[in-house]
Amino acid sequence: MRHTISVLVENKFGVLSRIAGLFSGRGFNIESLSVAESLDPNVSRMTIVTRGDDRVIEQVTKQLNKLVDVIKVIDHTEEKFVGRELALIKINAEPQLREEILRIAEIFRGKVVDVSSKTYTVEVTGDEEKVEAFIEMLKPLGIKEIARTGKIAMSRG
Amino acid sequence: MKKTGAEILIECLIKEGVDTIFGYPGGAVLPIYDALFKAPIKHILVRHEQGGVHAADGYARASGKVGVCLVTSGPGATNTVTGIATAYMDSIPLVILTGQVPTAMIGNDAFQEADIVGITRPCTKHNYLVRDINDLSTIIKEAFYIASTGKPGPVLIDLPKDVMAASTIFKYPEKVHIRGYQPTYEGHIGQVKKASDALMAAKRPILFIGGGIILSSAYKELLELSEFTHTPVTTTLMGLGGFPSDHPLSLGMCGMHGTFSSNMALTNTDLIIGIGARFDDRVTGKVDEFATGAKIVHIDIDPTSISKNIPAHIPIVGDAKDVLKKLIGLLKKEKKNWKKDNQEWLNQVEEWKVTHPLSYKQGKNIIKPQYVIEQIHEVTKGEAIITTEVGQNQMWTAQYYKFKRPRTLLTSGGLGTMGYGFPAAIGAQVAFPDKIVFDIAGDGSIQMNIQELATAVQYRLPVKVAILNNSFLGMVRQWQELFYNKRYSYSCMECQPDFVKLAEAYGAVGLRVENPDDVKKALKEAIEIPKPVLIDFIVDREENVYPMVPAGKPISEMLLV
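Residues numbered from 1 in each chain as written. Chains lettered and ligands numbered in written order. Predicted model: local features only at pLDDT ≥ 70, side-chain atom pairs only at ≥ 80, totals over all residues. Heavy atoms only, no water.

### Side note on the overall build of chain B
Scanning chain B for helices and strands turns up 22 helices and 20 strands. Its C-alpha atoms give chain B a radius of gyration of 24 Å, near enough to 24 Å, the size a compact globule of 561 residues would have. For chain B, buried positions account for 60% of its 561 residues. Accessible surface for chain B amounts to roughly 21,700 Å². Of this, 53% is attributable to carbon and sulfur atoms. For chain B, the distance from the average position of its 59 positive side-chain charges to the average position of its 59 negative side-chain charges is 5 Å. (Helix = DSSP H or I, 4+ residues; strand = E, 2+ residues; numbered from the N terminus. Rg over C-alpha atoms; globule rule 2.2 N^0.38 Å. Buried < 20%, exposed > 50% of the residue type's maximum accessible area, 1.4 Å probe, protein only. Areas by Shrake-Rupley, 256 points an atom, 1.4 Å probe, with all protein chains shown as cover. Lys, Arg positive; Asp, Glu negative; His and termini not counted. Charge placed at Lys NZ, Arg CZ, Asp CG, Glu CD.)

Here is the structure:
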């Protein structure tokens, strides 16, 4: 089963490598990982999406907790949470396609953030399914490049 | 007054109670060695950094203190990796100090530069690169704290040369607070109550103990629990010495080369109380068929050990000593005739012990390796500190030296490091100059760190080495015999040094023994000689370690002869 885990870590040199090394060394998988500073500049927040049965996930959370630089581990899967990601999509924007792109972007509440004579770059946020659906819609029009953040998450309430 | 980084380091070590360092100097640590020159710390100059870490490890295992090792950058640091991994797998408290190139040069592929913090991340409990001299004393304090608390382990501190040469006002932190590191010592009383109820209800209980008993100094509590409840005890390799081997309730070691009684008891029990043991594959054999009828209580200070290999019905996170005290306290309030209730089970266990004891036959002509170990046990009255290498020598030692006390067997259990035993013996001898320290070795493994003979001679450490010389990598050959149709692919050591002459060349004493009648005499002689002695026992070349559970089989399926 798929789990979304938030990890609060000391904002120190090498922490990302400790986490990544733990996953690779123990054969756990990472589907996505996003990291940034939290409200407290000494603390970073990571969101890790991983997959495994109950025993694997139990080990993942225990092993994360065992790292000295890890302050807190929250597995969101058992609770209500908000999960979002952001994608930037650069797409072919030949004059005859521009109308169509804008229409699709509007449906998905996407925003054009960069324009050139041949391309549009569209920003979209949402849960994974929405981002996937958006990308699927744009594919036939000719996507040139995609950048996705991976999921970030927060408990509700 | 301002002090240099190197001076602060030494001062912090003294404050941590460090009186001995095992080390090897080099360019990047010259400032540290300069500060060490006049410091009240004993420095043992080893001959290879791997030997240095193993020696610090042997010192730590024998004494219970944190072992300290100091090496230079680059190759000095990378040579410590096997030693660090060895200590990590067996949860031994070490602080490894490595030199590093100056901070401005880090990342530039400077001379003798290696990213040792990156390299050792997966085999240390934690590690540090000190980039600012003002962090130095806090980092050292934290390192010793992390190494020695919770589930102990090695901590590495990488020390750039410029940080060691810089100076600042020295402030020693009296307290440590690490928000991400707060080990649980106290077992949850509700869980302990469940364990107590389970033991009350069990018909065929067994205590299964590992190195955690020794690390938490819980042997008295274990003995009390076992005797009070008339519950037999089996140990892992790391648990040997945690319970007296000559006790009627002791079943000896379990697992791949465990005793028949241990493995049968673990297979037929209805309750395993695992204490400070991690149910590793050498113990469980085929996991799916391990103790299928048993409820499992698992007591461990490390939550990740619990339910990692074998799911626990009653997990208890905590220090073994604390949990056992609570458990005994609860059980003493209960009314139960333990002796009577467990008698049937104890009779069964005793029958397994009597019908299938460990055995070998010593003939007239060829020395059996097991005989050498039994004789070492006899001449040292079971009071020596024993280290081993890895392979047959290690398993025979585990089987035939009857360990009575904790911290008397020093062996690389988890990583299985050949070359561990001899430097570890040196470290143990440094910790206990008046004790007899024996390294029980094979002719293969002794050669992996034989250069440390010079260290033993230099510091007049009268370590004894018993080489069980079969001119084979014995355990490899045993597997090849049993599972690869006797194709002895590169396991035969066709060219061996003359170990007697080699010992003499180093300034130690060498003895050779080829006749069973001379074994005891040679051992006594070696103990009398106040120098390092290497005894080359020419033993039966194709003797095997039995019982043996083939890899991937359940532990009830033992090869017995």
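### A short note on the interface of chain B and chain A
Between chain B and chain A, the residue contacts involve 21 residues of the former and 21 residues of the latter. Linking Lys66(A) and Asp302(B) is a salt bridge whose minimum nitrogen-to-oxygen distance equals 3.0 Å. Of all the elements, strand S6 (residues 126–129) of chain B adds the most residues to the side of chain B that touches chain A, at three residues. (Contact = heavy atoms within 4.5 Å. Salt bridge = Lys/Arg side-chain N within 4 Å of Asp/Glu carboxyl O.)

### Comments concerning the side chain of Thr124(B)
Residue and element names in this part refer to chain B. Relative to the helices and strands, Thr124 resides in the loop between helix H6 (116–120) and S6. When its relative accessible area of 4% is taken as the criterion, Thr124 is described as buried. In terms of polar contacts, Thr124 uses its side chain to reach the backbone carbonyl oxygen of Thr120, at 2.9 Å. Not counting residues up to four positions away in its chain, the partners in contact with Thr124 are Ile84, Tyr88, Pro154 and Leu156. (Polar contact = N/O pair within 3.5 Å; in protein donor to acceptor, adjacent residues only side chain to side chain.)

### Here we look at the nonpolar core
It is characteristic of soluble globular proteins that their nonpolar side chains tend to be buried jointly. All names here are of chain B. Of all hydrophobic cores here, the largest spans 46 residues; its most connected members are Phe22, Leu94, Phe422, Ile446, Val465 and Leu534. Both domain 1 (2–169) and domain 3 (369–538) contribute no fewer than three residues apiece to this core. With sequence-adjacent residues up to four places away left out, Leu94 is seen in contact with Val53, Ala56, Asp57, Ala60, Val66, Gly67, Ala87, Ala147, Gly153, Pro154 and Val155. Listed in part, the 40 residues of the second largest apolar core include Leu9, Leu36, Val130 and Met164. (Core = buried A, V, L, I, M, F, W, Y, C linked by side-chain atoms within 4.5 Å. Domains from an automatic or database assignment.)

### Section: helix H12 (residues 260–268) of chain B
Side chains that are three or four residues apart share a direction in an α-helix, a result of its 3.6 residues per turn. Residues and elements named next belong to chain B. Extensive coverage of H12 is indicated by the burial of seven of its nine residues. For H12, the complete set of buried residues consists of Phe260, Ser261, Ser262, Asn263, Met264, Ala265 and Leu266. Elements in contact with the buried residues of H12: strand S9 (205–209), strand S10 (233–235), strand S11 (250–253), strand S12 (271–275) and helix H15 (338–355).

### Some thoughts on the sheet that holds strand S1 (residues 2–10) of chain A
Residue and element names in this part refer to chain A. Taking strand neighbours across the sheet as the criterion, the four strands line up as S2-S3-S1-S4 in an open arrangement whose pairing is antiparallel. Bordering the open sheet on either side are strand S2 (32–37) and strand S4 (70–75), each of which pairs with just one other strand. Across the sheet, the mean angle separating the axes of adjacent strands is 15° when strand polarity is ignored. As paired elements, S1 and S4 share five bridges and run antiparallel to each other. Of the residues in S4, the one forming a bridge with Val7 is Val73. Those strands touched by helix H2 (residues 54–66) are S1, strand S3 (43–51) and S4, and its axis lies near 160° from that of S4. (Pairing = 2+ DSSP bridges. Axes fitted to C-alpha atoms, helices over the stretch in contact; angles between N-to-C directions.)

### Digging into helix H3 (residues 95–107) of chain A
All names here are of chain A. Of the positions making up H3, those classed as buried are Ile101, Ile104 and Ala105. All buried residues of H3 lie within an arc of 100° about the axis, which places them on one face of the element. Projecting away from the buried face of H3 at angles above 90 degrees are the exposed residues Gln96, Glu99, Glu106 and Ile107. Where H3 is buried, its residues meet strand S5 (81–92), strand S7 (119–126) and helix H4 (128–138). Looking one or two residues beyond H3, the residue adopting positive phi is Arg109, at roughly 55°. (Arc of directions from axis to C-beta.)

### Points about the domain arrangement of chain B
All names here are of chain B. Along its sequence, chain B is carved into domain 1 (2–169), domain 2 (189–355) and domain 3 (369–538). Contacts between the two partners involve 16 residues from domain 2 and, on the opposite side, 17 residues from domain 3. In total, about 1,400 Å² of surface goes out of reach between domain 2 and domain 3, with carbon and sulfur atoms giving 67% of it. Looking only at domain 2, the three residues that lose the most surface to domain 3 are Leu237, Leu240 and His257, adding up to 39% of its buried area. Summed over the shared surface of domain 2 and domain 3, the number is zero salt bridges. Taken together, the connections running from domain 2 to domain 3 amount to two residue pairs in polar contact (both at pLDDT 80 or more). Grouping the amino acids of the side of domain 2 that touches domain 3 by side-chain chemistry returns 10 nonpolar, three polar and three charged. (Buried area = accessible area lost by both parts, 1.4 Å probe. Nonpolar A, V, L, I, M, F, W, Y, C, P; charged D, E, K, R; others polar.)

### Thoughts on the packing of aromatic side chains
Evaluation of the coordinates by the stated rule reveals 13 aromatic pairs over all chains. Taking 5.9 Å as the distance between ring centres and 80° as the angle between the ring planes, the aromatic pair formed by Phe23(A) and Phe28(A) counts as edge-to-face. Phe28(A) gets classed as buried once you look at its relative accessible area, which sits at 14%. Ring centres 5.0 Å apart and planes at 50° place the aromatic pair Phe108(A) and Phe134(A) in the tilted group. Placement of Phe108(A) in the loop between H3 and strand S6 (111–115) and of Phe134(A) in helix H4 is noted, with a sequence separation of 26 residues between them. Note on accessibility: Phe108(A) and Phe134(A) belong to one class, buried. A cation sits over an aromatic face here: Lys15(B) above Tyr172(B), 5.3 Å from the ring centre. Cation over ring: Lys332(B) sits above Phe228(B), and NZ or CZ is 5.7 Å from the ring centre. (Phe/Tyr/Trp six-rings, centres within 6.5 Å; stacked < 30°, edge-to-face > 60°. Lys NZ or Arg CZ within 6 Å of the ring centre and 35° of its normal.)

### Some points on the pairing of S6(B)
All names here are of chain B. Where burial is concerned, the two faces of S6 agree: the one with His126 and Tyr128 and the one with Asn127 and Leu129 are both buried. The pairing of S6 with strand S7 (residues 154–160) spans four bridges and is classified as parallel. Bridging from a neighbouring strand, Leu129 pairs with Asp158 of S7.

### What to know about the pattern of salt bridges
Side chains that differ in sign of charge can pair as their charged atoms come close. For the structure on display, the rule yields 39 salt bridges over all chains. Arg2(A) is paired through a salt bridge with Glu128(A); the nearest N and O atoms lie 2.9 Å apart. You can see Arg2(A) sitting in strand S1 and its partner Glu128(A) sitting in helix H4, a full 126 residues away along the chain. For Glu128(A), a relative accessible area of 25% puts it in the partly exposed group. One salt bridge in this structure joins Asp302(B) and Lys151(B), with 3.2 Å as the shortest N-O distance. Of the two residues, Asp302(B) is situated in the loop between strand S13 (295–300) and strand S14 (314–317) and Lys151(B) in the loop between helix H7 (136–148) and S7; the sequence distance between them amounts to 151 residues. In this structure Asp302(B) comes out as buried when scored by relative accessible area, which is 3%. Taking relative accessible area as the criterion, Lys151(B) reaches 25% and is therefore assigned partly exposed. Linked by salt bridges that have partners in common, Arg2(A), Glu31(A), Arg51(A) and Glu128(A) make up one network.

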